[in-house]
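A closer look at the structure
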Amino acid sequence: MGIQERKEREKERRRQQIIVAAKRVFSEKGFNKATMEDIAKEAELSPGTLYLYFKNKEELYASLSLRVLQYLHIRVSHVNKETQLSPDQKLRSLIDAMFDVYEFDPLIIINMFHLQSSETLKNLSDSLIEEIKVLSKTSIGAITRIFEEGIEQGIYVDVHPVALADIFWSMFSGVVLWESSKTIISEYKKDYLKSTLVTAFDLFERGIRKPA
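Residues numbered from 1 in each chain as written. Predicted model: local features only at pLDDT ≥ 70, side-chain atom pairs only at ≥ 80, totals over all residues. Heavy atoms only, no water.

**Overview of the overall build of the protein**
Helix and strand counts for the protein come out as nine helices and zero strands. The linear arrangement of helices and strands in the protein, starting from the amino end, is α-α-α-α-α-α-α-α-α. Expressed as lengths along the three principal axes of its C-alpha atoms, the size of the protein is roughly 65 × 50 × 30 Å. Going through the 212 residues of the protein one by one, you find that 43% of them count as buried. When contacts within the protein are restricted to residue pairs at least 6 apart in sequence, those whose partners lie at least 24 apart make up 70%. A total of about 12,000 Å² of accessible surface is found on the protein, and carbon and sulfur atoms cover 54% of it. Considering the protein, the positive charge centre built from 30 side chains and the negative charge centre built from 31 side chains are found 3 Å apart. (Helix = DSSP H or I, 4+ residues; strand = E, 2+ residues; numbered from the N terminus. Buried < 20%, exposed > 50% of the residue type's maximum accessible area, 1.4 Å probe, protein only. Contact = heavy atoms within 4.5 Å. Areas by Shrake-Rupley, 256 points an atom, 1.4 Å probe, with all protein chains shown as cover. Lys, Arg positive; Asp, Glu negative; His and termini not counted. Charge placed at Lys NZ, Arg CZ, Asp CG, Glu CD.)

**Side note on the packing of helix α5 (residues 87-104) against helix α9 (residues 193-208)**
Helix-helix packing is characterised by the crossing angle of the two axes and by the distance between the axes. Between α5 and α9, the shortest axis-to-axis distance is 12 Å and the interhelical angle comes to 155°. Viewed along their axes, α5 and α9 adopt a mutual orientation that is roughly antiparallel. The way α5 lies across α9 gives a crossing that is right-handed. Residues L91, R92, I95, M98, F99, Y102 and E103 of α5 form the contact with α9, whose own contacting residues are L193, K194, L197, V198, F201, E205 and I208. Broken down by class, the residue content of the contact of α5 with α9 amounts to 10 nonpolar, no polar and four charged. (Axes fitted to C-alpha atoms, helices over the stretch in contact; angles between N-to-C directions. Parallel < 35°, antiparallel > 145°, perpendicular 65-115°, else oblique. Left-handed = near helix turned anticlockwise from the far one by under 90°. Nonpolar A, V, L, I, M, F, W, Y, C, P; charged D, E, K, R; others polar.)

**Here's the deal with the pattern of salt bridges**
One pass over the structure, following the stated rule, counts 14 salt bridges. Among the ionic pairs, R209 bridges to D88, the shortest N-O distance being 2.8 Å. Of this pair, R209 sits in the segment after α9 while D88 sits in helix α5, and the two are 121 residues apart along the sequence. Look at R209 and you get partly exposed, because its relative accessible area is 30%. Across the pair R92 and E205 runs a salt bridge, and its minimum N-O distance is 3.7 Å. Of the two residues, R92 is situated in helix α5 and E205 in helix α9; the sequence distance between them amounts to 113 residues. Using a relative accessible area of 13% as the deciding quantity, one classes E205 as buried. Three or more residues joined by partner-sharing salt bridges are found here, namely D88, R92, E205 and R209. (Salt bridge = Lys/Arg side-chain N within 4 Å of Asp/Glu carboxyl O.)

**Overview of helix α2 (residues 36-43)**
Buried residues of α2: M36, I39, A40 and A43, and no others. Taken down its axis, α2 places every buried residue within 100° of arc, on the same side. Just downstream of α2, E44 is the residue with a positive phi angle, here 60°. (Arc of directions from axis to C-beta.)

**Topic: the environment of P47**
By the secondary structure assignment, P47 is in helix α3 (residues 47-53). For P47, a relative accessible area of 33% translates into the label partly exposed. Beyond its immediate sequence surroundings of up to four residues, P47 is in contact with E37 and A40.

**Looking at the packing of aromatic side chains**
Across all of its chains, the model carries 12 aromatic pairs by this definition. When the ring of F113 is compared with that of W169, the centres are 5.6 Å apart and the planes differ by 75°; the resulting orientation is edge-to-face. One end of the pair, F113, is in helix α6 (residues 106-116); the other, W169, is in helix α8 (residues 161-185), and 56 residues separate them in sequence. On the basis of relative accessibility, which here comes to 12%, the residue W169 falls in the buried class. Plain terms: the ring middles of F172 and F201 are 6.4 Å apart, the flat faces sit at 20° to each other, and that makes the pair stacked. Of the two residues, F172 sits in helix α8 while F201 sits in helix α9, which places them 29 residues apart along the sequence. (Phe/Tyr/Trp six-rings, centres within 6.5 Å; stacked < 30°, edge-to-face > 60°.)

Rendered as structure tokens:
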């Protein structure tokens, strides 16, 4: 192993060390209360070292979301490549993929949904914004193609497939965010996320189907 390769491996190891520490801090304190100093302390590094890898707290927060977006892209693309499946079968596989994406890292996906609806995006570097855009666009594009096939085959209602993909994603993110917030504002702490998502996906599937 050459010197340059060792340096790159050490750089990536340190970056992962920071990300793991950030996840713990954001989990305990939330985004607003967490500071770069808190994260540096958790990572057992100096604050200055953190700024060598991430320009601000927002960028570090957003970097956590990339892992989920990358996994989402992989799962949704895999569903789309199953050419032997009917649109209905693909939609059910897509729904299974959404549960997998959530279970991949529940905390991070909740953070990602908060990120998408906040001012945080304005404080990110152009390269990070571009990476988020590309992953989001390709994933929504893959979801769109599933609905497009169903519309072409006369299975689903004849509306723009992008609208169906946007509604599907908005429904998923909305249920996840609302159910997570209920654990804070409600006296009932039981987790109804999965059962609520099952109901939401079932109603969605019925709603987009053409009448027999």
